[in-house]
Amino acid sequence: MKKTMFILISLLLLGVLGVVILFNYSTKGENRENGFIRTFSGTKAILENSIRLMEDKYDFVGLQDKSILLYRLEKPYEIIEIEYDLKKIKYRTLRIPTHIGDFKGVNTVRSYQDAFFLLNGKNGMAYKTGENSKKNIARLDSNSFYHADLINSNSFLFMSSKYYQGINRRIVGKVNWKGTNRIDFMPEKQIDGIFSTDGQVKYDKPSNVIVYMFYFRGVFMCLDTNLKTIYQAKTIDTVKYARLTTTTTKLFYGKDTIQKTSTLGRPLLVNRRFCIFKEHIYIHSYLRADNESPDEFGKSGTIDIYDLKTGKYLQSFHLPRVGNHKLSQFRIYKDKLVGLYGSQLAVFVIKYKN
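Keep in mind it's a predicted model, so treat the numbers as computed, not measured. (Residues numbered from 1 in each chain as written. Predicted model: local features only at pLDDT ≥ 70, side-chain atom pairs only at ≥ 80, totals over all residues. Heavy atoms only, no water.)

Each helix and strand in the chain was counted, giving two helices and 26 strands. For the chain, buried positions account for 48% of its 354 residues. For the chain, long-range pairs separated by at least 24 residues make up 48% of all intrachain contacts whose partners lie at least 6 apart in sequence. (Helix = DSSP H or I, 4+ residues; strand = E, 2+ residues; numbered from the N terminus. Buried < 20%, exposed > 50% of the residue type's maximum accessible area, 1.4 Å probe, protein only. Contact = heavy atoms within 4.5 Å.)

Sheet strands associate in pairs through backbone hydrogen bonding, adopting either a parallel or an antiparallel arrangement. Spatially, the four strands line up as an open sheet ordered β1-β26-β25-β24, and their pairing is antiparallel. Edge positions in the sheet fall to β1 (44–52) and β24 (329–333), since each of these pairs with one other strand and no more. The sheet shows a mean angle of 20° between the axes of neighbouring strands, taken without regard to direction. In this sheet, strand β25 (residues 336–341) lies alongside β24 in antiparallel orientation, the contact comprising five bridges. By the bridge assignment for β25, Tyr333 is matched with Lys336. (Pairing = 2+ DSSP bridges. Axes fitted to C-alpha atoms, helices over the stretch in contact; angles between N-to-C directions.)

Moving on: the pairing of β24. The buried fraction of β24 amounts to five of the five residues, a majority that puts the element mostly inside the structure. Of the two faces of β24, the one holding Gln329, Arg331 and Tyr333 and the one holding Phe330 and Ile332 are both buried throughout. Hairpin remark: β24 followed by β25, antiparallel, with two residues in the connecting loop; positive phi at Lys334, about 55°.

Here the focus is the sheet that holds strand β2 (residues 58–63). Spatially, β2-β3-β4-β5 is the arrangement adopted by the four strands of the open sheet, whose pairing is antiparallel. For this open sheet the edge positions go to β2 and β5 (89–93), each flanked by a neighbour on one side alone. Neighbour-to-neighbour, the strand axes of this sheet turn through a mean angle of 25°, independent of strand direction. Of the pairings in the sheet, the one linking strand β4 (residues 78–83) to β5 comprises five bridges and is antiparallel in character. Each bridged residue has a counterpart across the sheet, and for Ile80 the counterpart in β5 is Tyr91.

Inspection of the entire model under this criterion finds 13 salt bridges. Of the charged contacts in the structure, one is a salt bridge between Lys162 and Asp184, with a shortest N-O distance of 3.5 Å. Of this pair, Lys162 sits in strand β11 (residues 155–164) while Asp184 sits in strand β13 (residues 183–185); the two residues are 22 residues apart in sequence, bridging distant segments of the chain. On the accessibility criterion, Lys162 (31% relative accessible area) is partly exposed. The exposure class of Asp184 is partly exposed, given its relative accessible area of 31%. In this structure, Asp237 and Lys234 form a salt bridge, with 2.9 Å as the shortest nitrogen-oxygen distance. Taking the relative accessible area as the measure of exposure, Asp237 reaches 5% and is therefore buried. (Salt bridge = Lys/Arg side-chain N within 4 Å of Asp/Glu carboxyl O.)

For the rest of this paragraph, the subject is unusual backbone geometry. Although it is not a glycine, Asn181 adopts a positive phi angle of roughly 55°. Residue placement: Asn181 occurs in the loop between β12 (167–176) and β13. Taking relative accessible area as the criterion, Asn181 reaches 61% and is therefore assigned exposed. One non-glycine residue, Glu279, lies in positive phi territory at about 60°. Its location among the elements puts Glu279 in the loop between β20 (271–277) and β21 (280–285). Of the residues examined, Glu279 reaches a relative accessible area of 41% and is grouped as partly exposed.

In this section: the environment of Thr302. Its place among the elements puts Thr302 in strand β22 (residues 300–307). Judged by its relative accessible area of 1%, Thr302 falls in the buried class. For the pair Thr302 and Arg38, spaced 264 residues apart in the sequence, the C-alpha separation amounts to 9.8 Å. Reaching out from Thr302, the side chain makes a polar contact with the side chain of Glu292 at a distance of 2.9 Å. (Polar contact = N/O pair within 3.5 Å; in protein donor to acceptor, adjacent residues only side chain to side chain.)

What follows concerns the layout of surface pockets. Gaps left between atoms are located by rolling a probe of water-molecule size over the structure's atoms. Reported here for the largest pocket is a volume of approximately 850 Å³. Residue lining of the largest pocket: 26 residues in total, with Val61, Gly62, Leu63, Tyr203 and Lys205 positioned closest to the centre. Elements represented by at least two residues in the lining of the largest pocket include exactly β2, β6 (107–112), β10 (146–152), β14 (199–204), β20 and β24. At four residues, β2 tops the list of elements feeding residues into the lining of the largest pocket. Class assignment for the residues of the lining of the largest pocket results in 14 nonpolar, four polar and eight charged. Space inside the second largest pocket adds up to approximately 660 Å³. For the second largest pocket, the lining is made up of 28 residues, of which Asp59, Leu73, His147, Ser328 and Gln329 are closest to its centre. (1 Å grid on protein atoms, 1.4 Å probe; cavity = no way out; pocket = protein on both sides within 12 Å on 5 of 7 lines; lining within 4 Å. Points joined across faces, edges and corners; volume = space filled by probe spheres on them. Nonpolar A, V, L, I, M, F, W, Y, C, P; charged D, E, K, R; others polar.)

What follows is the structure, encoded as structure tokens:
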């Protein structure tokens, strides 16, 4: 009996120790030696202007020739247009139903030609307004979705999940305005079908391709608009396999049993966010290269540039923090990089040097 109790206690302590080690390992991912070096060719991001927005969080509709378009996350029908000098600001309310309950959860706003599209992830809905002040509403999917994007006025991208071969799998879906002609892409799973495949998806109109970036492994994929793989590329870091541990819990709802999967500790975050401009992919990496000092890496964000056509790594540059805040979103247009840092909006000029 005593021997059995000793074994059980030892196993329990080992389990706890394993979780602690995993947590410490993951939190040191930004500053430890990671076994790769970056190429810094003199490209710099120089801060031009910054302003403080309202306390509400914002995201990008997009960047235009003369202005930046933002929307409020909690009230996505409220659009802000700001010129690059950050001096002239215009406000606009989209002509869509503005019931607050309709827009809880993840929302995406995009513009296309003369129309605005609001994609509501919680309800799987699309709202269109702007062309001759007409309002249209469509149900894109029966499930909730997130990380949605717009291809054109009749094609939408979104990330969701579905039950496949006994487990939940993350998917990228493409669907038309009527919610039909559905095409799915299922990222390759490693440890599980949800966490190890987590990432972001974006469409690039000039090149007419889709890019899927993984959060927890150093990989991104280029897809055509039928969600067929053009190529899979490895980012400059050494992480090929997601470093996370999952646990499964059974939940009982009457006669039904649902398996819930969650992570233990904090997974190693490799790539945080990205944008596409002029046949280049710009990835905000969360891993320090061996030729970056911990102090330099901690005081800035590192942006890695890849060729959109081939996935080949080109070079990197540092993006300074603004007001001691970390970068939360960014977009690039011509020589401008526009970043959101919490409630701060900042405009940088990028001085490229090949």
